[in-house]
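Structural overview
One letter stands for each residue in the lines below.
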Amino acid sequence: MTRERTVFICKNCGHESLKWLGRCPGCQEWNSYVEKTQGPASTRPQAVAQELSQVATEQLSRLVLPYSEFNRVLGGGIVPGSLVLIGGDPGIGKSTLLLQVAGAVAESGRGVLYVSGEESVNQIRLRAGRLEILGEGLYLLPETSVENILGSAEEIAPQLMIIDSIQTMYREGLPSTAGSVGQVRECTLRLMQWAKSSGVPVLLVGHVTKDGTIAGPHVLEHIVDVVLYLEGERFSSYRLLRGVKNRFGSINEVGVFEMGEQGLVEVTNPSEAFLSQRAEGAIGSVIVPTLEGTRPLLVEIQALTSPSSFGLPRRTANGVDFNRLLLLCAVLTRRAGVSLSNQDVIVNVVGGIKISEPAADLGVALAISSSFRGVKVDPNMVALGEVGLSGELRPVSQLERRLAEGANLGFKTCLLPTPSRAGLSSPPQIELIAADSLAQALKLALA
Ligand code: TYD
Ligand code: MG
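Right, let's walk through the structure included here. (Residues numbered from 1 in each chain as written. Chains lettered and ligands numbered in written order. Predicted model: local features only at pLDDT ≥ 70, side-chain atom pairs only at ≥ 80, totals over all residues. Heavy atoms only, no water.)

1. Structural notes on the sheet that holds strand E4 (residues 83-88)
Taking strand neighbours across the sheet as the criterion, the nine strands line up as E6-E5-E7-E8-E4-E9-E10-E11-E12 in an open arrangement whose pairing is mixed. Here the strands that pair on one side only, and so sit at the sheet edges, are strand E6 (138-141) and strand E12 (263-266). Along the sheet, successive strands turn relative to each other by an average axial angle of 25°, direction set aside. Judged from the five bridges that link them, strand E10 (residues 238-246) and strand E11 (residues 254-260) form a sheet pairing that is antiparallel. By the bridge assignment for E11, leucine 241 is matched with glycine 255. (Pairing = 2+ DSSP bridges. Helix = DSSP H or I, 4+ residues; strand = E, 2+ residues; numbered from the N terminus. Axes fitted to C-alpha atoms, helices over the stretch in contact; angles between N-to-C directions.)

See below:
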């Protein structure tokens, strides 16, 4: 006979334990265990094993959205029966984006059920008016009980369901309140079951906590098929939709949008947009062709150095990794004769973009040196290269793509590591300046 049992779950990583623990062995977080009662395991029909070669390949016809930026991040559209989580800071535009998606899908003749636990039908109606969404075939449901939602879904039989947000949803019969780990987990599992059995894709909105993870935590990320983040700076109008997990595609893609008067508009040529406000020939500014997934993106890196007024010099990194900045400052000081030990250093990537690849090292180092020496970098030049601890320059991947994007936007030269030039298979459309070391690169660029 099965009976109710109590387990403890880490609200950070979802680790399960039969007794309470002070520190989670899974994620090393203190005080993260919460109690949860599990009902008797329901008896489910047993699944039958099949030989792989005998499994009929269902045609996975994806639901292609009229937003090519969104489709690319998804890997070519929404897979039927999949659960897609969209996270992001409050006010970044998640509800706006999903309402636009709902409107567009409904307009193409497929029914959409938009469930909101946060806004009333009137509020959504107002927003839809602003976004010029007509709303035929788009059903609004202000509801937070998962059971009721699935009841309505059975009635309406939509081809896409949107839940805004998962933290407001609850399942009856659970002791905890909406938004708690237990509720978020159970609601997501139930929605997952429904999506898989009905074949209807479900888009979930998830709120992000202060430390940048989706509240009601990693558990959620393990359950769903796709996790996307909508990012951007509060006061910049650009929004990046970035893949973090994708069972059906690459996670390196980003979609670029701009928030305007009428909601989010796709930015199809982001390099041009990001460079449009550039003050050409400014000191401390360098352009780097980074690669986001398959798409090269030209971004401007700005740096400012100023003498520290007292104590330890400070370093501030916006859009680049802080530890990477520390490393570059140390290498510049020790290997390239740019003495930063009594300088505050601030680095900023324009447009609210975050760069994680080391290929931007040379650009960051060059921007810092340009500011420190008060010498500007040729505005028609882009820079690429990873910097090693002994001050050597290392090759970067997919050089052809990056150079082509630079040439497309009218750049004339590219400063790059010598080994990269040797690896080029086709003659580049822009002039190459090769350097072996950071010191040599600075000499060439800041003559
Ligand atoms: P919202 O989608 O409500 O954010 P989230 O659901 O992620 O919390 O976004 C609200 C913000 O977007 C709000 O600050 C106003 C702005 N906005 C526009 O600039 N233009 C628009 O057309 C809309 C609908 C919103
Ligand atoms: Mg919202």
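2. Some remarks on helix H4 (residues 146-156)
Buried within H4 we find Val146, Ile149, Leu150, Ser152 and Ala153. The arc that holds the buried residues of H4, viewed along the axis, is 160°, so those residues lie on one side. Every exposed residue of H4 that faces more than 90 degrees away from the buried side is listed here: Glu154 and Glu155. Looking at the buried side of H4, the elements it contacts are strand E5 (112-116), E6, strand E7 (160-164) and helix H5 (181-198). (Buried < 20%, exposed > 50% of the residue type's maximum accessible area, 1.4 Å probe, protein only. Arc of directions from axis to C-beta. Contact = heavy atoms within 4.5 Å.)

3. Here's the deal with empty space enclosed by the protein
Tallied over the full model, the rule gives one cavity of 30 Å³ or more. By volume, the largest cavity amounts to about 40 Å³. Considering each element in turn, the lining of the largest cavity owes the most residues, three residues, to strand E13 (residues 285-292). (1 Å grid on protein atoms, 1.4 Å probe; cavity = no way out; pocket = protein on both sides within 12 Å on 5 of 7 lines; lining within 4 Å. Points joined across faces, edges and corners; volume = space filled by probe spheres on them.)

4. Section: the layout of surface pockets
In this approach a probe as big as a water molecule rolls over the atoms, and the regions it shows empty are the leftover space. Space inside the second largest pocket adds up to approximately 300 Å³. Lining the second largest pocket are 17 residues; nearest its centre among them are Asp89, Leu230, Glu231, Gly232 and Lys354. At the level of secondary structure, the elements contributing two or more residues to the lining of the second largest pocket comprise strand E9 (226-231), strand E15 (315-318) and strand E16 (343-349). The leading source of residues in the lining of the second largest pocket is E9, at three residues. For the lining of the second largest pocket, the residue count by class is six nonpolar, seven polar and four charged. (Nonpolar A, V, L, I, M, F, W, Y, C, P; charged D, E, K, R; others polar.)

5. Describing the site of ligand 1
In the vicinity of ligand 1 lie 16 residues, with Gly91, Ser95, Thr96, Gly260 and Gly263 positioned nearest. In this structure, an oxygen atom belonging to ligand 1 sits 2.7 Å away from a main-chain N or O atom of glycine 91. Relative to its unbound accessible surface of 560 Å², ligand 1 loses 74% to contact with the protein. Within the residue set of the shell around ligand 1, elements represented by two or more residues are helix H2 (94-107), helix H3 (121-130) and E11. Partitioning the shell around ligand 1 into residue classes produces four nonpolar, seven polar and five charged. (Near = heavy atom within 4 Å. Polar contact = N/O pair within 3.5 Å; in protein donor to acceptor, adjacent residues only side chain to side chain. Areas by Shrake-Rupley, 256 points an atom, 1.4 Å probe, with all protein chains shown as cover.)

6. Focus on the packing of helix H8 (residues 322-335) against helix H9 (residues 361-373)
Orientation of H8 relative to H9, taken along the N-to-C sense of each, is 60°, at an axis distance of 10 Å. With respect to H9, the element H8 is oriented oblique. Two packed elements cross with a definite hand, and for H8 against H9 that hand is right-handed. Residues Arg324, Leu325, Leu328, Cys329 and Leu332 of H8 lie in contact with H9, whose contacting residues are Asp361, Val364, Ala365, Ile368 and Ser369. (Parallel < 35°, antiparallel > 145°, perpendicular 65-115°, else oblique. Left-handed = near helix turned anticlockwise from the far one by under 90°.)

7. A closer look at the pattern of salt bridges
Going through the model one piece at a time under the given rule, you end up with 11 salt bridges. Between arginine 171 and glutamate 147 there is a salt bridge whose closest N-O contact spans 3.1 Å. One end of the pair, arginine 171, is in the loop between E7 and H5; the other, glutamate 147, is in helix H4, with 24 residues separating them in the sequence. Since its relative accessible area comes to 21%, arginine 171 is described here as partly exposed. Across the pair glutamate 392 and arginine 394 runs a salt bridge whose closest N-O atoms are separated by 2.7 Å. (Salt bridge = Lys/Arg side-chain N within 4 Å of Asp/Glu carboxyl O.)

8. Overview of the nonpolar core
Core analysis: the biggest nonpolar cluster contains 45 residues, and Ile301, Leu332, Val347, Leu366, Ile368 and Leu438 have the highest contact counts within it. In terms of residue count, the dominant contributor to this core is H9 (six residues). When near neighbours in sequence (up to four residues on either side) are disregarded, isoleucine 368 contacts Ala303, Thr305, Leu325, Cys329, Leu332, Leu340, Val345 and Val347. If you look at the next biggest cluster of nonpolar residues, it comprises 35 residues, including Ile92, Leu97, Val101 and Ala102. (Core = buried A, V, L, I, M, F, W, Y, C linked by side-chain atoms within 4.5 Å.)

9. What to know about the pairing of strand E1 (residues 5-10)
Of the strand pairs in this sheet, E1 and strand E2 (residues 16-17) are connected by two bridges, and their pairing is antiparallel. In the strand pairing of E2, isoleucine 9 is matched with glutamate 16. Here E1 folds back onto E2 in antiparallel fashion, the turn holding five residues, of which glycine 14 has a positive phi close to 85°.

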